[in-house]
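The primary structure of each chain is shown beneath.
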Amino acid sequence: MSNSRVVKSRCGPEKVAGFLASPSHPGRHRAIIAIHEWWGLTPWVKTQASNLAKNGYVVLALDLYHGKVTSTPSQARKLKRDLPLDRAIGEMKAAFDYLACRADVDPKQIGSVGWSMGGALALQLAIHEPRLAACVVNYGALPTKLADIEKINAPTLGIFGVLDRGIPPNKVRAFEKRMNAVKKVVEIKIYEGAGHAFENPSNVLTFRPKAAADAWLRTLAFLNQSL
């Protein structure tokens, strides 16, 4: 079981808004910042946060769109386009500080998990927040600049599909090679028969239940080892 609620707070200059899920048992826990796809903070993302909480994590699923959610690709594209990267980074860093200040969180054990747009942002947080202790990127765009990759301190798990036309395997392997070149901890899994956004059952055409189930178990194992 887990506890959950909507949270709105201000940490420094940035506002933190999102869905907070926490374990039902007391104590200090590891924590995760969950970052949504371009659809916004959907029920599926909240379910992911709740499931992570059931596995012992305090999870803040950020609402980077401040209440806006859509199922229409054109509207999702506009919402993503209207989200400045610097604002997203500021809110993610504020989310980190919010979790780090909570009495039920171990501030040295905070990670990030994101999907698609959120996967790319999870890595941006790793670039801009040296205290981040783990990062899981689910089919998110990857940094290519060595200067950015050198800033990543968090062990990183990348989950992708071989049929993803936006982030094809050669780009994923290039990122892995750059991470290895500067001695960063990275683990990559590319699923056969899967394309972009294959973990979310709302994506009827691309959802791959077996790959999604394996990706979930792989994520839990990685977080348990890294945090």
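Description of the structure in this document. If you're wondering where the values come from, they're calculated on a predicted model, not measured in any experiment. (Residues numbered from 1 in each chain as written. Predicted model: local features only at pLDDT ≥ 70, side-chain atom pairs only at ≥ 80, totals over all residues. Heavy atoms only, no water.)

1. Some points on empty space enclosed by the protein
So, step 1. Throughout the structure, instances matching the rule amount to one cavity of 30 Å³ or more.
So, step 2. Space inside the largest cavity adds up to approximately 40 Å³.
So, step 3. Surrounding the largest cavity, Gln48, Val113, Trp115, Asn138, Glu199, Trp216 and Thr219 form its lining.
So, step 4. Listing elements by their share of the lining of the largest cavity, those giving two or more residues are strand 5 (105-115) and helix 7 (209-226). (1 Å grid on protein atoms, 1.4 Å probe; cavity = no way out; pocket = protein on both sides within 12 Å on 5 of 7 lines; lining within 4 Å. Points joined across faces, edges and corners; volume = space filled by probe spheres on them. Helix = DSSP H or I, 4+ residues; strand = E, 2+ residues; numbered from the N terminus.)

2. Points about the environment of Thr144
So, step 1. Structurally, Thr144 can be placed in the loop between strand 6 (134-138) and helix 5 (146-149).
So, step 2. Using a relative accessible area of 53% as the deciding quantity, one classes Thr144 as exposed.
So, step 3. Along the primary structure Thr144 and Lys68 are separated by 76 residues, whereas in three dimensions their C-alpha atoms are 30 Å apart. (Buried < 20%, exposed > 50% of the residue type's maximum accessible area, 1.4 Å probe, protein only.)

3. Quick word on helix 1 (residues 43-54)
So, step 1. The end-to-end C-alpha distance of helix 1, which contains twelve residues, comes to 16 Å, matching closely the 16 Å that a straight helix rising 1.5 Å per residue would cover.
So, step 2. Positive backbone phi, approximately 100°, marks Gly56, located one or two places after helix 1. (Expected span 1.5 Å × (residues − 1).)

By themselves these figures say nothing about function.
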